[in-house]
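# Inside the fold
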Amino acid sequence: MNSPQSLQDLSPAALAGVRVVEMGQLIAGPFCGKTLGEFGADVIKIEAPETGDPLRNWRLIKDGTSVWWQVQSRNKRSVALDLRQKEGQDIARQLIAEADVLIENFRPGTLEGWGMSPQELQALNPGLVMLRISGYGQTGPYRDLPGFGVIGEAMGGLRHLTGEPGRVPVRVGVSIGDTLAALHGTIGVLMALYHRKVNGGQGQVIDVALHEAVFNVMESLIPEYSAFGAVREAAGSALPGIAPSNAYPCQDGWVLVAGNGDSIFKRLMDTIGRPDLAAAPDLADNAGRVARVQELDAAIQAWSAQRTVQQVLDALGAARVPAGKVYTAKDIAEDPHYRARDMLLSQTTRDGYTVEVPGIVPKLSATPGTIRSSAPHLGDDTDAVLAEAGLTLEQIALLRSKGVIQ
């Protein structure tokens, strides 16, 4: 690990002393655990013996494990525990009794079926902060339906807006619904911990539904429908109601230009050789520009199409007009700004190879996030965590012989 972010600071980590039990799998719950772990929380990840978290086998595999896993599970300790067995459930309760936070993203009712309802767990540990992420939430008529992030994106209103007008809606190329739910869950955990510590409160349940996390970032979608009956539709790369803001073709690619600020618009028009548009009274504010958006887009496109991406970026940068190219993974890996801000870190895996991974966000000046340990093999920490919980070597060996642990 070769970044200042990966070096231990003399001051305590922001979440030092916070213990998290992570019982979720795949993306939403584990992304929250990842974030808390990067800022010092001790994250104990409970996985099923033999198989573990399915994310271990998702997408591109190196030395038998997904490289995605190396990001999602850094700073975590893996306990291979069979929660379908009563003894496994007893051990989980024992770990949760000493935890500050429990993260789970099972279908509603799963924990209740294992004797771990919020009421039972908070009787065991009154200060427990319990994050529950699910497709539709813990209440309501849809609570029992299976839901993945992509379904949450559709129900939350996002999928209807993606893609070109009149064509099939396309998905965002990452699991944005899961990640939005994870970030909302992280915020909830931090607020609940603050309330417990500063206000003397008890623990509480944080109920995050995938579709609600997506819906929460849909800006003016519902107010516009409520006030005007307007149903916002897909608009490709444009930003409806805000102009000019679009993707424009160049000789060797595309450039995104956000020229929608009043003064920015004038500088943009002067740069592309259209002082007439810069000086037009009806284009002085956004409402007037929206009325003539097709004309403005055509003018910008006529200019950009005669230039390379870099020429466009250089010209607009000099004019202080926000613009950027469409980055690929290769572009990111070679970009000096990413490296200057420690957003590309070199991480050595437990299999011995080195891989570059995303850095840590957000950046805290006094208690920055760190990579303290690489992602674990399945069950790497079972014995150590159970010993910390008070189990003897003989008890651990007996549980392993029964297949309760691995």
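Residues numbered from 1 in each chain as written. Predicted model: local features only at pLDDT ≥ 70, side-chain atom pairs only at ≥ 80, totals over all residues. Heavy atoms only, no water.

Next up on the list: the pattern of salt bridges. A full pass over the atoms with the stated rule returns 28 salt bridges. For D90, the salt bridge is made with K86, and the minimal N-O distance between the two is 3.0 Å. Of the two residues, D90 and K86 are both situated in helix α3 (residues 86-97); the distance of four residues between them amounts to about one turn of the helix. Assessed through its relative accessible area of 29%, D90 is described here as partly exposed. (Salt bridge = Lys/Arg side-chain N within 4 Å of Asp/Glu carboxyl O. Helix = DSSP H or I, 4+ residues; strand = E, 2+ residues; numbered from the N terminus. Buried < 20%, exposed > 50% of the residue type's maximum accessible area, 1.4 Å probe, protein only.)

On the secondary structure map, R307 appears in the loop between α13 (293-304) and α14 (309-318). Excluding residues within four positions of it along the chain, R307 makes contact with C250, Q251 and V312. In this structure the side chain of R307 is engaged in a polar contact, spanning 2.8 Å, whose partner is the backbone oxygen of W303. (Contact = heavy atoms within 4.5 Å. Polar contact = N/O pair within 3.5 Å; in protein donor to acceptor, adjacent residues only side chain to side chain.)

On to the sheet that holds strand β11 (residues 323-325). With respect to topology, three strands assemble into an open sheet ordered β9-β10-β11, the strand pairing being antiparallel. Of all the strands in the sheet, just β9 (245-250) and β11 have a single pairing partner and so form its edges. Going from strand to strand, the sheet's axes swing by 25 degrees on average, the running direction of each strand aside. Bridge analysis of strand β10 (residues 253-258) against β11 gives three bridges, and the strand direction is antiparallel. Paired with V255 across the bridge in β11 is K325. Here α14 sits on the sheet in contact with β9, β10 and β11, set at roughly 20 degrees to β10. (Pairing = 2+ DSSP bridges. Axes fitted to C-alpha atoms, helices over the stretch in contact; angles between N-to-C directions.)

Moving on, we get to the packing of helix α10 (residues 262-271) against α13. The axes of two packed helices give the description: the angle between them and the distance between them. Remark: α10 packs on α13, axes separated minimally by 10 Å, with the N-to-C direction vectors making an angle of 45 degrees. As far as their axial angle goes, α13 and α10 are oblique. At the point where α10 passes α13, the crossing takes the left-handed sense. Contacts from F265, L268, M269 and T271 of α10 reach α13 at L296, I300 and W303. Residue composition of the contact of α10 with α13, grouped by class: six nonpolar, one polar and no charged. (Parallel < 35°, antiparallel > 145°, perpendicular 65-115°, else oblique. Left-handed = near helix turned anticlockwise from the far one by under 90°. Nonpolar A, V, L, I, M, F, W, Y, C, P; charged D, E, K, R; others polar.)

So, on to unusual backbone geometry. Of note, the bond from A243 into P244 is cis; its omega dihedral lies within 30 degrees of zero at -10 degrees. Here P244 lies in the loop between α9 (221-228) and β9. Located in the positive-phi region is D342, a residue other than glycine, with phi close to 55 degrees. Position of D342 among the secondary structure elements: in the loop between α16 (336-340) and β12 (344-348).

Looking now at the sheet that holds strand β6 (residues 101-104). With parallel pairing, six strands are arranged side by side in an open sheet as β5-β2-β1-β6-β7-β8. Each of the sheet's edge strands pairs with one partner strand only, and the pair in question is β5 (76-80) and β8 (204-209). Between one strand axis and the next, the sheet turns through 20 degrees on average, direction left out of account. Here β6 pairs with strand β7 (residues 129-134) via four bridges, running parallel. Bridged to L102 within β7 is M130. Along the sheet, helix α7 (residues 176-198) contacts β6, β7 and β8; its crossing angle with β8, the most-contacted strand, is approximately 165 degrees.

This part is about the nonpolar core. One recurring pattern in soluble globular proteins is that nonpolar side chains are buried together. Judged by nonpolar contacts, the single largest core of 37 residues is most densely connected at V20, L36, V101, L131 and V189. Looking at this core, the elements that each hand over two or more residues are α1 (28-38), β6, β7, α7, β8, α8 (210-215) and β13 (354-358). Ranked by residue count, the leading element in this core is α7, at six residues. Discounting residues that sit within four places of it in the chain, V189 has contacts with L36, V101, V129, L131 and I206. If you look at the next biggest cluster of nonpolar residues, it comprises 27 residues, including L95, I96, L111 and M130. (Core = buried A, V, L, I, M, F, W, Y, C linked by side-chain atoms within 4.5 Å.)

The next thing to look at is α1. Note that an α-helix has 3.6 residues per turn; residues three or four places apart therefore point the same way. Counted residue by residue, α1 has 11 buried out of 11 residues, so it is predominantly covered. Those residues of α1 that fall on the buried side of the exposure criterion are A28, G29, P30, F31, C32, G33, K34, T35, L36, G37 and E38. Residue G40 follows α1 closely and has a positive phi angle near 110 degrees.

Residues with a pLDDT of 70 or more make up 98% of the protein chain, whose mean pLDDT is 95. Contacts for the low-pLDDT stretch residues 1-9, under 50 throughout, to residues beyond four places or in other chains number 24 contacts. (pLDDT = per-residue confidence, 0-100.)

A few words now on the packing of α1 against α7. Their axes nearest at 8 Å, the elements α1 and α7 cross at an angle of 50 degrees. Of the possible angle classes, the one that applies to α1 and α7 is oblique. Of the two possible hands of crossing, α1 and α7 adopt the one that is right-handed. Counted together, A28, F31, C32, T35 and L36 of α1 and D178, T179, A182, L183, G185, T186, V189 and L190 of α7 form the full contact between these two elements. Grouping the amino acids of the contact of α1 with α7 by side-chain chemistry returns eight nonpolar, four polar and one charged.

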